Amino acid sequence: MNNPPSEPKPIAKPKKVLVIGSGPIVIGQAAEFDYAGTQACKALREEGVTTVLVNSNPATIMTDEGVADVVYIEPLTVEVIERIIAREKPDGILPTLGGQTGLNLAVELADAGVLDRHNVRLLGTPLATIRAAEDREEFRDLMGRIGEPTPPSEIVESQQGAEKALKIIGLPAVIRPAYTLGGTGGGIANTLEEYWRFAGTGMAASPIGQVLVEKSLAGWKEVEYEVMRDAADNCITVCNMENFDPMGVHTGDSIVVAPSQTLSDKEYQLLRTASLNIIRALGVEGGCNVQLALRPGNIVAKTLPDQIEGPDYYVIEVNPRVSRSSALASKATGYPIARVAAKIAVGKRLDEIPNAVTGKTVAAFEPALDYCVVKIPRWPFDKFAGGDRSLGTQMKATGEVMAIDRTFEAALLKAVRSLEITDRDALWEPKPDDTHFEAHDERLWTLLAAVRQGTAPEELSRITGVDPWFTRALERIAKMEARLLAEPLGRDLLWEAKRMGFADAQIGVLTDRSEEQVARRRAEYGLRPTYKMVDSCAGEFEAETPFFYSTYEQENEALPTGEPTAVVIGSGPIRIGQGIEFDYCSVHAAWALSDAGVKSVMINSNPETVSTDFDTSDRLYFEPLDAESVMSVIQNEAGDGATPASIVQFGGQTAINLSQSLDAAGLPILGSSAQSIDIASDRHLFEEFLARHGIPNPPGAAVADVGRALQVAQEIGYPVLVRPSYVLGGRAMEIVQNATELVRYMSSAFAAASGRRVLIDKYFEGREVEVDAVCDGEQVLIPGIMEHVERAGVHSGDSMAVYPGLNLTKQEVDAIVDYTTRIGLGLNVRGLMNIQYVLTSGNTYRSPTDGSKREGDGRAEVFVIEVNPRSSRTIPFISKVTGVPMVRLAVNVMLGKTLAEQGFSGGLWKKQDIVAVKAPVFSMSKLTGVDTYLGPEMKSTGEVMGIDREFRPAVAKALMAAGLMLPKNGSILLSMADKTKADAVALVNELHQAGYKLYATKGTAAMISAMGLEVTTITKVLSGEHPNVVDVISDGTVDAVVNTVTGDRKSLQDGFNIRRVATEKRIPCFTSIDTARAAAESLNGPTDDYSVAPLQDYLNGP
Amino acid sequence: MTDARVKRYLVLEDGSVFEGYAFGADAGTAGEVVFSTSMTGYQEMLTDPSFAGQIVVPTYPMIGNYGINGRDAESARIRVAGFVVREHCDQPSHADSEMTVDEYLRSQDVPGLWGIDTRALTRRLRTRGVMMGALGSSAEAAVGQLKAASTYGDTDLVQAVTTGHSYRWTDSDGDRQHSNSDAGQRRPDWPRRRVLVSDYGVKYNIMRLLQSRGCEVITFPATATAEELLQREPDGILLSPGPGDPELLDYAVETAKGIVGKVPVFGICLGNQVLARAFGGSTYKLKFGHRGANHPVKDLRTGRAYITAQNHGYAVDADSLPANVEVSHVSLNDGTVEGMRHREMPVMSIQYHSEASPGPRDSEYIFDDFVALMDQGMDQGMNEAKSN
Ligand SMILES: Nc1ncnc2c1ncn2[C@@H]1O[C@H](COP(=O)(O)OP(=O)(O)O)[C@@H](O)[C@H]1O
Ligand SMILES: Nc1ncnc2c1ncn2[C@@H]1O[C@H](COP(=O)(O)OP(=O)(O)O)[C@@H](O)[C@H]1O
Ligand SMILES: [Mg+2]
Ligand SMILES: [Mg+2]
């Protein structure tokens, strides 16, 4: 044997490990790391290792009690981590579960000497490996040494360099500017003309004038392997995945299929062997993601420029850590990659780790799938219609859905259903235009439309590079549609359509029936989905995991348990406005049910989350969250016995929207009734309700046409707030200043509202306050009041929220508690609700630090903005900072236990001796063309929390964690709309006091001069003199920007470039004066006097 | 394919009936029904002689996506008795594809069945064990087939798949050539190691991997005696994989007895079982076998785990082995014997498929080990062994 007989030497198992989380949710780094981190903490504790966890993101399960031994919700900076290390004295640190954030932080900690200084061992993958994988140059060298091909590339910094690179690389070539985001300036050059254009713009866009010219492999197949390796050099691949969209579209933005569909065994093994060679050469200990490009088949290859020379595959990239793809692979196969990676990190070998799925075999095996998995990304362009929708090498999706079935067609159609894009099922067709076959978020529908119209799939493959196997599958779907249109809907046809993944609704459209009629016919024929288990072994062994997907087959494996059961409806893909917070709630709901002795059944379609981990609930169904799928699961769980009730309060708008269909179908709902939900959601009913109870809300009305809109606005007075009814996250919501604007809005809004009415409200520029509450029908418990830093008009999801409300008068607090209690009781809420209020008395901005609390004039002016009869985005935050387990209380209430029986009482919960600030985090740098200003429409993707004893350090930490901290003694560019200039005086003073150098556009500069302060005037006119506003941002003259707008089109357009450039330069850009003031205030005073402590310490009081 | 669907049935020994649609040849068939969990490599599976006498059910539901090509066959023809899939692809997509699975089965007269719940079938075989089954145009026809068929374990299937005459393997640039001309005496100037293969149902890739390691490979019928083999002055002999119950192969066991200790011997799969019997050990039938590309095996000497390709329904009884034979590898799934080593003689033996095809190539190093064993055998290894 060429393997010397050596029992692998055991690694000393660490006693205490610091696990680094991934921070806020941003595009490219989402809930998958909560899933990974949570699994890892559990796995480490199983091994008897004490776990210390740090993450800045409160909306995570991993930061909950019971997951890690000690939890820090603190900013992820070197300074903070060093303080945690000094305090906790861990002997190991595990960064590979915290995404790119964790990895980068590990490198920084090592470089800063922190790890050496405190004698902390880096667990999992060694530092040298991280560097070798992250540094393109080093990686290429290493691949060269082990004989793995990488696409040829050249670093270019000059005209001559570009000429040389062109000779070496040839065309087509990818031009990637160094250190720019969104690939600004670069692109794929197919012609000489394009090459020179991109070389020019690329070098100009790069702050260091450097571009990477790389052989373009656009059109090649993109394939990923998830690989595991332990310290004894045992290696396995968990799964491979093939991208439907070929190379050139980021894997995160590609439709992905597992396992690969078009690779022969030879090719599968070729790439598998390469992946193992790479993980070995890198010395990764844990999980690793390898991305490869494989030569396409004939039809596509013929469309590519001559690329016959060279290897059959290239290594594109390696991520030496768990990743989005590894979460997908875990869910697709049942193999818990993060869990196994954590065990490997503390010295376990793959053959020593049990396979949690079968309970019998070990982790040293490769999952066998007997189904097909399809992932489709969820993009934010339904919200950002103006954004650049094209897809390329920079990821743009906020989330994803996964569907499982026995064929690709069925899995694909189920995935489309799972996307939950209103009015966009598989039959929807986009408007054709010149670029519609290029990669963009709607290309799948474009392709379906094309095959429907008779375009040959091979032709589509030639145009798009999508393998003909996939385009032919689309054609098979279109053929089935044609049959449904043409043939009578007999049993066989219906069976085949269901087997191909067609929804009842879709069949209804094609056969001229309602969804209910199709469902009834299906019932008559006795056609019901069966449920099959995801068991990691294709049925070879008996498995213990209750993880199921539906399919139309013969044998059903998910037989009813006959025990008391409740169904938790999850929240689907992560999108702006419905994020990880709802997964947090769903997970807690499942746990609370189990603790109460009720079997929990989870339904969800999102592979990134903790809720879809197979050991979160008693049973997991990976299904679209549409009425058909949810009702089928409920029927399956009922069997011949009792029908389990559903919980719709925790899965965001997705779940709550299902309440009406479930109720109509006579299926029981736990908690607030469908009627209560309807009253809160229906504008008319809700206004009646408020009027009946004497609770004020901003005057307004729902209108159906422009004439009525103008009339209503006239009556209530401008500014008004307009929006389509029944939408999530304030979509298409605007503050309108005058009649002209209103007419413009009315003509555009109807599209977004899809025929529904438009709501017009009086816009109150007051302070906004938010509460969550739990109600048992007798009492209403409010754990705390959250006050927004930004005035109303900035969406609550985009505002900084401060707990406890620091500027509230007693009258205001009393009014809030009174209204909340009466609303809860009046609506007969059982479980959670969330209310936003606007307070119109006093200044819009009152510094929490100035101490001048107003006594109020005796009359609280508190208006209800909205009531959400469900859990909200702030539930994780408020639960964490008050210690009130909101979801648990709510679930127990639903099960019939009163608050009193649970040891709680109504009213406002005692104020904690802390200040906690929740700050939003945006992903705007990834979304070219999207305007970043804050308004009533939500734009943030994630959140962080700063917690401390005082406001100043708490807000400083929140800003630090959100990347909005102003540097000391910096320079700032101010450009403020007229309306805010009064408030601006205070801001300018703060900045001046902090020693800031001020730059401003003309009007603002005049105001600053008038204050007697020094200011440099910078022109807004981009075509005229230099430096203009864009110059001072791009060249680094200023460290931050304040650009406030009134909301009218003109001022929005003026500032657009300022905001985009600042965003791409990644410097703080404040569009609300209130945020800017909070940030400026935190500069005045010591900025490093914040504490770093476990969450529990803060809650236990000083 | 949707237009003219013809019903076809699978009937199992235990009476269960699966109704699906016909593809492949218009014929009935019977055999032992087994499942394989390999997700790729259906062409290799179809042509693997070890599947002779069996109706093979891939657990992966979509079969035929990349078609059938001129390169992936592992023997001269399709060997399975029948093929049962959930879905087969009529529009394969691959540069090398020459025909569909359906056409391939038709061209070699092998019937298939599609459209059934193959996972339900797999679960049945897992819980009740593999059993005989038959395909027919009606359930009755299938029952007839089943009754008429001889039981899998009673038939010497090696005779059905072994070569009729010896040949020298040549495989250059992917083109297979069989030639009988050069299978004679060893030429003194021949620089390479000469490996003889006892063909119980050898796969091309075994011969390819040996050849690529500088071996001259000459393949012999399974019935070749020890004398016949030793006469060719081999540097090593490989006992190949193959189908059926090793208990039926007394002639092969005799041959094995005659060669061990005289020349380095490498047994793979059925070859491993034959060697076990030659050393006085015994074999037994597994409930549903090991068939797939994901089987973990532990090398007991190094402690290392390997993912292997496997295809066997019988296993060596560890307790039956004499003291001078040690178990070198075990299955991490069920602890069964996956490899043996003789303490004194240059004999190595594995139950899994180091040639993979289909499956992971992680164990190809075993061919290097065999080459090393042969090289050692020629120098001191044999002498040591002899003096013991
Ligand atoms: N040489 C290339 N030619 C064409 N497309 C490429 C090339 N290199 C990368 N890409 C595309 O860009 C995407 C992102 O590149 P990658 O190196 O994986 O960066 P990231 O770190 O963002 O994942 C890939 O998924 C692939 O689709
Ligand atoms: N009448 C109003 N006056 C001032 N601001 C308002 C008013 N109505 C809504 N807003 C602002 O718009 C944001 C979004 O409105 P909301 O009704 O809460 O919609 P969503 O359903 O998107 O949460 C609120 O957070 C608040 O800042
Ligand atoms: Mg990548
Ligand atoms: Mg709101």
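Criteria and cut-off values
- Residues numbered from 1 in each chain as written.
- Chains lettered and ligands numbered in written order.
- Predicted model: local features only at pLDDT ≥ 70, side-chain atom pairs only at ≥ 80, totals over all residues.
- Heavy atoms only, no water.
- Contact = heavy atoms within 4.5 Å.
- Buried area = accessible area lost by both parts, 1.4 Å probe.
- Salt bridge = Lys/Arg side-chain N within 4 Å of Asp/Glu carboxyl O.
- Polar contact = N/O pair within 3.5 Å; in protein donor to acceptor, adjacent residues only side chain to side chain.
- Helix = DSSP H or I, 4+ residues; strand = E, 2+ residues; numbered from the N terminus.
- Nonpolar A, V, L, I, M, F, W, Y, C, P; charged D, E, K, R; others polar.
- Near = heavy atom within 4 Å.
- Areas by Shrake-Rupley, 256 points an atom, 1.4 Å probe, with all protein chains shown as cover.
- Phe/Tyr/Trp six-rings, centres within 6.5 Å; stacked < 30°, edge-to-face > 60°.
- Buried < 20%, exposed > 50% of the residue type's maximum accessible area, 1.4 Å probe, protein only.
- Donors = N, O, S within 2.8 Å, 3.2 Å for Na, K, Ca; no water.
- Axes fitted to C-alpha atoms, helices over the stretch in contact; angles between N-to-C directions.
- Parallel < 35°, antiparallel > 145°, perpendicular 65-115°, else oblique.
- Left-handed = near helix turned anticlockwise from the far one by under 90°.
- pLDDT = per-residue confidence, 0-100.
- Disulfide = S-S within 2.5 Å.
- Pairing = 2+ DSSP bridges.

1. Points about the interface of chain A and chain B
Then comes step 1: Taken together, the contact between chain A and chain B spans 70 residues of the former and 60 residues of the latter.
Then comes step 2: The contact between chain A and chain B buries some 5,500 Å² in all, and 46% of this surface belongs to carbon and sulfur atoms.
Then comes step 3: Summed over the shared surface of chain A and chain B, the result is 12 salt bridges.
Then comes step 4: Of the charged contacts in the structure, one is a salt bridge between B:Asp72 and A:Lys266, with a shortest N-O distance of 3.5 Å.
Then comes step 5: Seen at the junction of chain A and chain B, the total is 32 residue pairs in polar contact (both at pLDDT 80 or more).
Then comes step 6: Broken down by secondary-structure element, the contributors of at least two residues to the side of chain A that touches chain B are strand S11 (235–243), helix H9 (265–282), helix H16 (468–486), helix H17 (491–499) and strand S17 (530–533) of chain A.
Then comes step 7: The element contributing the most residues to the side of chain A that touches chain B is H9(A), with 10 residues.
Then comes step 8: By residue class, the composition of the side of chain A that touches chain B is 28 nonpolar, 16 polar and 26 charged.

2. Structural notes on the site of ligand 1
Residue and element names in this part refer to chain A.
Then comes step 1: The local shell around ligand 1 holds 18 residues, among which Arg176, Glu214, Glu222, Gln291 and Glu317 are the closest.
Then comes step 2: Note that an oxygen atom of ligand 1 is positioned 2.9 Å from one of the backbone N or O atoms of Val249.
Then comes step 3: Thr251 is positioned with one of its backbone polar atoms (N or O) 3.3 Å from an oxygen atom of ligand 1.
Then comes step 4: Surface burial for ligand 1 is 88%, taken as the share of its 550 Å² of free accessible area covered by protein chains.
Then comes step 5: At the level of elements, strand S7 (173–177), strand S9 (211–215) and strand S14 (313–319) are the ones that each hand at least two residues to the shell around ligand 1.
Then comes step 6: Class assignment of the residues belonging to the shell around ligand 1 gives a composition of 6 nonpolar, 6 polar and 6 charged.

3. Some details on the packing of aromatic side chains
Residue and element names in this part refer to chain A.
Then comes step 1: On inspection of all chains with the given rule, the structure shows 25 aromatic pairs over all chains.
Then comes step 2: Between Phe686 and Phe689, the ring centres sit 6.3 Å apart and the planes meet at 15°, which makes this aromatic pair stacked. Taken together, the residues Phe686 and Phe689, both in helix H24 (residues 683–693) and 3 residues apart, mark about one turn of the helix.
Then comes step 3: A residue is classified by how much of its surface remains accessible, and Phe686, at 7% relative accessible area, is buried.

4. Some details on the coordination of the magnesium ion (ligand 4)
Then comes step 1: In the first shell of the magnesium ion (ligand 4), the protein supplies A:Gln836 (OE1) and A:Glu866 (OE), at 2.1 Å from the metal. Of the two residues, A:Gln836 sits in strand S32 (residues 831–839) while A:Glu866 sits in strand S33 (residues 862–868), which places them 30 residues apart along the sequence.

5. So, the coordination of the magnesium ion (ligand 3)
Residues and elements named next belong to chain A.
Then comes step 1: Coordination of the magnesium ion (ligand 3) by the protein comes from Gln291 (OE1), Gln291 (NE2) and Glu317 (OE), over a distance range of 2.2 to 2.6 Å. One end of the pair, Gln291, is in strand S13 (residues 286–294); the other, Glu317, is in strand S14, with 26 residues separating them in the sequence.
Then comes step 2: Residue Glu317 is classed as partly exposed on the basis of its relative accessible area, which comes to 29%.

6. Details of the pairing of strand S36 (residues 942–948) of chain A
Then comes step 1: With 7 of its 7 residues buried, S36(A) lies for the most part within the structure.
Then comes step 2: The alternating pattern of S36(A) places A:Gly942, A:Val944, A:Gly946 and A:Asp948 and A:Glu943, A:Met945 and A:Ile947 on opposite faces, both of which are buried.

7. Considerations on the packing of helix H14 (residues 443–452) of chain A against H16(A)
Residues and elements named next belong to chain A.
Then comes step 1: Direction vectors running N to C along H14 and H16 enclose 60°, while the axes themselves pass 9 Å from each other. Classified by the angle their axes make, H14 and H16 are oblique. Where H14 crosses over H16, the two elements pack in a sense that is right-handed. Contacts between H14 and H16 involve Leu444, Leu447, Leu448, Val451 and Arg452 from the former and Thr471, Leu474, Glu475, Ile477, Ala478 and Glu481 from the latter.
Then comes step 2: Residue composition of the contact of H14 with H16, grouped by class: 7 nonpolar, 1 polar and 3 charged.

8. Digging into the environment of A:Asp615
Then comes step 1: Examined against the element boundaries, A:Asp615 turns out to sit in the loop between strand S20 (599–604) and strand S21 (619–622).
Then comes step 2: A polar contact is formed between the side chain of A:Asp615 and the side chain of A:Lys42, at a distance of 3.4 Å.

9. Some points on the environment of A:Gly826
All names here are of chain A.
Then comes step 1: Take Gly826: it is sitting in helix H27 (residues 810–826).
Then comes step 2: Residue class for Gly826 comes out partly exposed when judged on its relative accessible area of 34%.
Then comes step 3: Along the sequence, Gly826 and Gly935 sit 109 residues apart, while their C-alpha atoms lie 31 Å from each other.
Then comes step 4: Not counting residues within four places of it along the chain, the set of residues in contact with Gly826 comprises Phe689 and His693.

10. Topic: the confidence of the model for chain A
Residue and element names in this part refer to chain A.
Then comes step 1: Overall, the prediction assigns chain A a mean pLDDT of 91, with 94% of residues at 70 or greater.
Then comes step 2: Below pLDDT 50 for its whole length, residues 1–9 participates in 23 contacts with residues either more than four positions away or in separate chains.
Then comes step 3: Across residues 851–858, where pLDDT falls below 50, the model places 11 contacts with residues more than four positions away in sequence or in other chains.

11. Brief notes about the state of the cysteines
Then comes step 1: Within this structure, the stated rule accounts for 0 disulfides over all chains.
Then comes step 2: Looking at A:Cys288, it has no disulfide partner, and the nearest cysteine sulfur is the one in A:Cys235, 9.7 Å off.
Then comes step 3: A relative accessible area of 1% means that A:Cys288 is categorised as buried.
Then comes step 4: Summary of cysteine pairing: B:Cys89 is not part of a disulfide, and the nearest cysteine sulfur, belonging to A:Cys372, is at 12 Å.
Then comes step 5: Taking relative accessible area as the criterion, B:Cys89 reaches 7% and is therefore assigned buried.

12. Here we look at the sheet that holds strand S25 (residues 720–724) of chain A
All names here are of chain A.
Then comes step 1: In spatial order, the strands read S24-S27-S25-S26; together these 4 strands make up an open sheet with antiparallel pairing. If you trace the sheet from one side to the other, it starts and ends with strand S24 (700–703) and strand S26 (734–736), each paired once. Within the sheet, the average angular offset between the axes of one strand and its neighbour, ignoring direction, is 25°.
Then comes step 2: Direction of pairing for S24 relative to strand S27 (residues 758–762): antiparallel, over a ladder of 4 bridges. The residue bridging Val703 from the neighbouring strand is Val758, located in S27.

13. Focus on the pairing of strand S17 (residues 305–316) of chain B
All names here are of chain B.
Then comes step 1: Most of S17 sits out of view: 12 of its 12 residues are buried.
Then comes step 2: As defined by bridge partners, strand S16 (residues 283–299) adjoins S17 across 10 bridges and the pair is classed as antiparallel. Following the sheet pairing, Gly292 is matched in S17 by Gln310.
Then comes step 3: Between the end of S16 and the start of S17, which pair antiparallel, lie 5 residues, with Gly303 showing a positive phi angle near 80°.

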